[in-house]
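# Examining the three-dimensional arrangement
Each chain is listed here by its residues.
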Amino acid sequence: MKVGVIMGSGSDWDVMRPAVETLEQFGIEVDKRVISAHRAPHALMEWVESAEERGLKVIIAGAGGAAHLAGVIAGLTHLPVIAVPVHSKLNGIDSLLSMVQMPSGIPVACVAIDGAKNAALLAVQMLALSDASLREQLIDFRTKQTEKVLATVI
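A few words now on the overall build of the chain. When its secondary structure is counted, the chain shows six helices and five strands. The N-to-C order of helical and strand elements in the chain reads β-α-β-α-β-α-β-α-β-α-α. Computed over its C-alpha atoms, the radius of gyration of the chain comes to 16 Å, within 12% of the 15 Å expected for a compact globule of 154 residues. Projecting the C-alpha coordinates of the chain onto the three principal axes gives extents of approximately 50 × 40 × 30 Å. Counting only residues that meet the buried cut, the chain has 42% of its 154 residues in that class. Taking the contacts inside the chain whose residues are at least 6 apart along the sequence as the reference set, 66% of them involve residues at least 24 apart.

And the structure:
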């Protein structure tokens, strides 16, 4: 199984890196790219239209500012798309709003501003619906996370 992690600019890498690291922690192959919806639309279209034949099951798209990347991708594929709004000039609110205001019929899931790790975990949850081994890894991850919180002494 593969997940695509795409960002509109190389400057988004610091925000998107936790998505890649989290997916790799679960043994999921990642196809990571920088392709701008505005500056390289034809390259983006080619990447999205070949996504399924390359084995992608979910696409995570991070962008700031106008943040049209996830919406454009969702319009080009039936694969699930998870948007990560990247902190930008208006503290990421502009990115968030552009991602969640999709027209009816073209859904995009959206996580918190700079929430790439949660985007990856959402992708893992989607993939775990049809992969028992991945489901067990996810349960183990959540169990350890809970145990760590409960063991915290202040």
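Running from N to C, helix α2 (residues 41-49) and helix α3 (residues 69-76) point in directions that differ by 50°, and their axes come no closer than 10 Å. One finds that α2 runs oblique with respect to α3. Between α2 and α3 the crossing geometry is right-handed. Across from Leu44, Met45, Val48 and Glu49 in α2, the residues of α3 making contact are Leu69, Val72, Ile73 and Leu76. Tallied by class, residues from the contact of α2 with α3 come to seven nonpolar, no polar and one charged.

One broad trend across soluble globular proteins is that nonpolar side chains are buried collectively. One finds Val3, Val5, Leu23 and Ile60 to be the most contacted residues of the largest nonpolar core, which totals 28 residues. Among the elements of the structure, β1 (2-7), α1 (13-25), β3 (56-63), β4 (81-85), α5 (116-128) and α6 (132-150) are those that each provide at least two residues to this core. The biggest single contributor to this core is α5, with eight residues. Setting aside residues up to four positions removed in sequence, Val3 forms contacts with Leu23, Ile28, Glu29, Val30, Asp31, Leu56, Val58, Ile60, Ala123 and Leu127. Listed in part, the 21 residues of the second largest apolar core include Ala37, Ala70, Ile73 and Leu79.

The strand order across the open sheet built from five strands is β2-β1-β3-β4-β5, with neighbouring strands paired in parallel fashion. Each edge of the open sheet carries a strand with a single partner, namely β2 (29-34) and β5 (109-110). Here β1 runs beside β3; their pairing, made up of six bridges, is parallel. Bridge pairing in β3 places Val3 opposite Val58. Together, β1, β2 and β3 form the strand contacts of α2, whose direction differs from that of β1 by roughly 170°. Contacting β3, β4 and β5, helix α4 (residues 93-100) runs over the sheet at an angle of about 160° to β4.

Attention now moves to the environment of Gly92. Counting through the fold element by element, Gly92 comes out in the loop between β4 and α4. For Gly92, a relative accessible area of 0% translates into the label buried. In the structure, Gly92 is positioned 29 residues away from Ala63 in sequence and 9.5 Å away in space, judged by C-alpha atoms. Once you skip the residues sitting within four places of it in the chain, Gly92 turns out to touch Pro85, Val86, His87 and Ile113.

Quick notes on the rules
- Residues numbered from 1 in each chain as written.
- Predicted model: local features only at pLDDT ≥ 70, side-chain atom pairs only at ≥ 80, totals over all residues.
- Heavy atoms only, no water.
- Helix = DSSP H or I, 4+ residues; strand = E, 2+ residues; numbered from the N terminus.
- Rg over C-alpha atoms; globule rule 2.2 N^0.38 Å.
- Buried < 20%, exposed > 50% of the residue type's maximum accessible area, 1.4 Å probe, protein only.
- Contact = heavy atoms within 4.5 Å.
- Axes fitted to C-alpha atoms, helices over the stretch in contact; angles between N-to-C directions.
- Parallel < 35°, antiparallel > 145°, perpendicular 65-115°, else oblique.
- Left-handed = near helix turned anticlockwise from the far one by under 90°.
- Nonpolar A, V, L, I, M, F, W, Y, C, P; charged D, E, K, R; others polar.
- Core = buried A, V, L, I, M, F, W, Y, C linked by side-chain atoms within 4.5 Å.
- Pairing = 2+ DSSP bridges.

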